[in-house]
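# Results of the structural survey
What follows is the residue order along each chain.
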Amino acid sequence: MMLETVRELCNLNGISGRENRIRDYIISKITGYCEYKTDPLGNLLVFKKGKKTANHTVLIDAHMDEVGMIVTGIDSDGCIRFAKVGGVDSRVIIGRNVYIGENCVPGVLGIKPIHLIKKSEEGDIPSDKDLYIDIGAKNKEDAEKYVMPGDEINFESNFSVFGEGFLASKALDDRAGCAVLIDIIRSETEYDCRFSFSVQEEIGTRGAATAAFSSEPDYAIVVETTTAADISGIKGADRVCICGDGGAVSFMDRSTVYNRDLYLKALETAKSNGIKAQTKTRVAGGNDAGAIHKSRGGVKTITVSVPCRYLHSPCCVCKLEDIESTRDLVKALATEFAK
Amino acid sequence: MSYEEVEVLLRKLCGADGTSGAEGNAATLACELLNEYMPAQFDALGNIIGFSGEGRSILLDAHIDQIGLIVTAVDEDGFVRVAAVGGADRRVMPAARVTIHGKEKIPGVVTSTPPHLAGPDDEGKVPPFDKITIDIGMTKEQADLLVSPGDRITMNGSFIRLAGNRIASPCVDDRAGVASVLRCLQLLKGKKTCKLDVMFSAQEETGGSGAATGAFNAQSDEAIAIDVTFAKAPDTGSGIFANLGDGALVGYGPSLDYAMSKKLSSIARENGIASSPEAMGGRTGTNGDDIQTAGKGIRTALISIPIRNMHTAVEVVDLADIEETARLLAAYILERSANDA
């Protein structure tokens, strides 16, 4: 069930500001399990009845958008120029195929052949201004039949399961989080709970700000993915978190200094419930918590993240078991905070 | 024109895998396809070679191998270390999907260093191949059961139909050439020709060993190598003149037989086949170089098909250029055969 939900979510396209397909899918999965509405920015706000009325309002947040690109113009030779949407490293997009606009026009990110590059420049990535997408058009007029400025540019998903329980796909950030929320909404919960499937996290947590305002929570749990650098040759805390060791709990990142009691509570709750969890061992990154903890008069906030390698690339890698551990911990914490 | 025949051939050929020295199912497929026209077999180095007809002989060559990577070791963390096979491009490696052809096909992802571990000198750079590893989601113990040094690795990619008649796919270099030769044989079906020696050569990307030995064995009277060349793109700069869709590029250069080059150009003109001259100052960088000096020497010509993004998983080709190359080959063979008779 979880695997299928993650797969279906990752196979949908939804860069920041174009989350409609993700939202429609989520609505189809949660209808009948809760009340929901869409706010003016496109956030999907959910209220779920639990067995008991909550003493404190808890908001669980995950963002629907993914990184990608947007068409900015078409050159006279028919090549498409673009801007990045969110933090995309050029190193992971060159030489890949992409799909443009609602009709998914295929294109490729070209690169000058290695044969024509000076030996000393063989490892250099072209600068952003030199990147372009080739859709096979002969010239500008031909390209304009297929593409216009403002069209979204999406990576190919190619969702796959490999190795020992690993998943590989675009958009695991943060469809893994969305899948956790969907799973909790469809399950029986102890207490009433609010959820936000937020828009525009990748361009600066725009959606979470209004979602938190409208949800008025006392506590918030942000369900995210975060960098796992547990790759060849990297040891200790430099790994940030480790695939297979459960949800990573943050004490601080670039956007939030987390409530210390909640951080300790999260680790203690994991331990007492026999749920795998770990500490995110580096102050790096930022997420919706940055907007949520400053909402109204302040919200006690915690982030639990699925460890994810090659974040923001067309091929993110995480473990299914970590998504499940994250769900179990988030659900247990929601109960604790609602008491 | 729909170019359906060419598209079918190219799609089949690009869907097969065959890195240099392990041409694998690409070679098997090419052998089967060639067998439809003439008896074809493998030689000692893995070339596929077929002979048909009598009299003066023309060798048609296109290489079947593709660039890739090769496993050098599995490290203690279970990640796979690699070296390049042929001129693989490390700039397109980070976070790329690959397939390791081990005891079974094993999916993997090329690791990419997260920003927090990158130093100031790493900005905009990609590490060399000896620092690149592949994530197969296994421990060393698990990996050792399936992956061994020497296993080949191919870049994953899709066969994508772009606008017009353009295709993006891995290993268009040189399956486009192989497709043009097979399409030429289709066009010649039922027609009387001189002796045809057809070679789908191994190991071009690692230095042309296949073509050298295959051409020695064939002892043909003349040869035409068919390979890909650089097509103009927004970033290729001055010195690259070929446009996608302009047709077959007839090679002119010191190592190529001038009379053959001129004949190819005039036959193209007479038959309304799109073509342009492509000149080079020395050797051609193709199998043509190795065929020319095989045995006592073979008069050699070169026809090139322009592609963009060479040596990536998104090589772009115009089907029209493959079709025009096939038509030019067929017209040349028919003219030579008529003169023979």
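Residues numbered from 1 in each chain as written. Chains lettered and ligands numbered in written order. Predicted model: local features only at pLDDT ≥ 70, side-chain atom pairs only at ≥ 80, totals over all residues. Heavy atoms only, no water.

### Describing the pattern of salt bridges
Residues and elements named next belong to chain A. All told, the structure shown has 45 salt bridges over all chains when counted by the stated rule. Lys-49 is the salt-bridge partner of Asp-192, the closest N and O atoms lying 3.5 Å from each other. Of the two residues, Asp-192 sits in the loop between α4 (172-186) and β12 (193-198) while Lys-49 sits in the loop between β2 (44-48) and β3 (58-63), which places them 143 residues apart along the sequence. A residue is classified by how much of its surface remains accessible, and Asp-192, at 10% relative accessible area, is buried. A relative accessible area of 53% places Lys-49 in the exposed class. Glu-321 serves as the salt-bridge partner of Lys-276, at 3.4 Å between the closest nitrogen and oxygen. (Salt bridge = Lys/Arg side-chain N within 4 Å of Asp/Glu carboxyl O. Helix = DSSP H or I, 4+ residues; strand = E, 2+ residues; numbered from the N terminus. Buried < 20%, exposed > 50% of the residue type's maximum accessible area, 1.4 Å probe, protein only.)

### Focus on the pairing of strand β9 (residues 152-155) of chain A
Residue and element names in this part refer to chain A. By the alternation rule, side chains of β9 split into Glu-152 and Asn-154 and Ile-153 and Phe-155, which are all buried. Across two bridges, the pairing between strand β4 (residues 68-74) and β9 is antiparallel. Residue pairing for β9: Ile-70 is matched across the bridge by Glu-152. (Pairing = 2+ DSSP bridges.)

### A short note on the packing of α4(A) against helix α8 (residues 320-338) of chain A
Residues and elements named next belong to chain A. The N-to-C vectors of α4 and α8 enclose an angle of 50°; their axes lie 10 Å apart at closest approach. Taken together, the axes of α4 and α8 lie oblique to each other. Relative to α8, the crossing made by α4 is right-handed. On α8, the residues that touch Ala-176, Val-180, Asp-183 and Ile-184 of α4 are Ile-323, Arg-327, Val-330 and Lys-331. Grouping the constituent residues of the contact of α4 with α8 by class yields five nonpolar, no polar and three charged. (Axes fitted to C-alpha atoms, helices over the stretch in contact; angles between N-to-C directions. Parallel < 35°, antiparallel > 145°, perpendicular 65-115°, else oblique. Left-handed = near helix turned anticlockwise from the far one by under 90°. Contact = heavy atoms within 4.5 Å. Nonpolar A, V, L, I, M, F, W, Y, C, P; charged D, E, K, R; others polar.)

### Comments concerning the domain arrangement of chain A
Residues and elements named next belong to chain A. Splitting chain A by domain gives domain 1 (2-66 + 170-338) and domain 2 (68-155). Relative placement of domain 1 and domain 2: their C-alpha centres are 32 Å apart. If you look at the interface, domain 1 gives 13 residues, while domain 2 gives 17 residues. Summed over both sides, the interface between domain 1 and domain 2 buries roughly 1200 Å², with carbon and sulfur atoms accounting for 55% of that surface. Connecting domain 1 to domain 2 are two salt bridges. (Domains from an automatic or database assignment. Buried area = accessible area lost by both parts, 1.4 Å probe.)

### Notes on the domain arrangement of chain B
All names here are of chain B. We note that the domain assignment places domain 1 (4-66 + 170-340) and domain 2 (68-155) within chain B. Placing the centre of domain 1 and that of domain 2 at their C-alpha centroids yields a distance of 32 Å. Taken together, the contacts link twelve residues of domain 1 with twelve residues of domain 2. It is Asp-17, Thr-19 and His-311 that lose the most area in domain 1 upon contact with domain 2, and together they represent 46% of the buried surface on that side. Our count for the domain 1 to domain 2 interface comes out at one salt bridge. A salt bridge links Asp-17 to Lys-105, with the nearest nitrogen and oxygen atoms 3.5 Å apart. Our enumeration of links across domain 1 and domain 2 arrives at three residue pairs in polar contact (both at pLDDT 80 or more). Of the residues in the side of domain 1 that touches domain 2, the class split is three nonpolar, seven polar and two charged. (Polar contact = N/O pair within 3.5 Å; in protein donor to acceptor, adjacent residues only side chain to side chain.)

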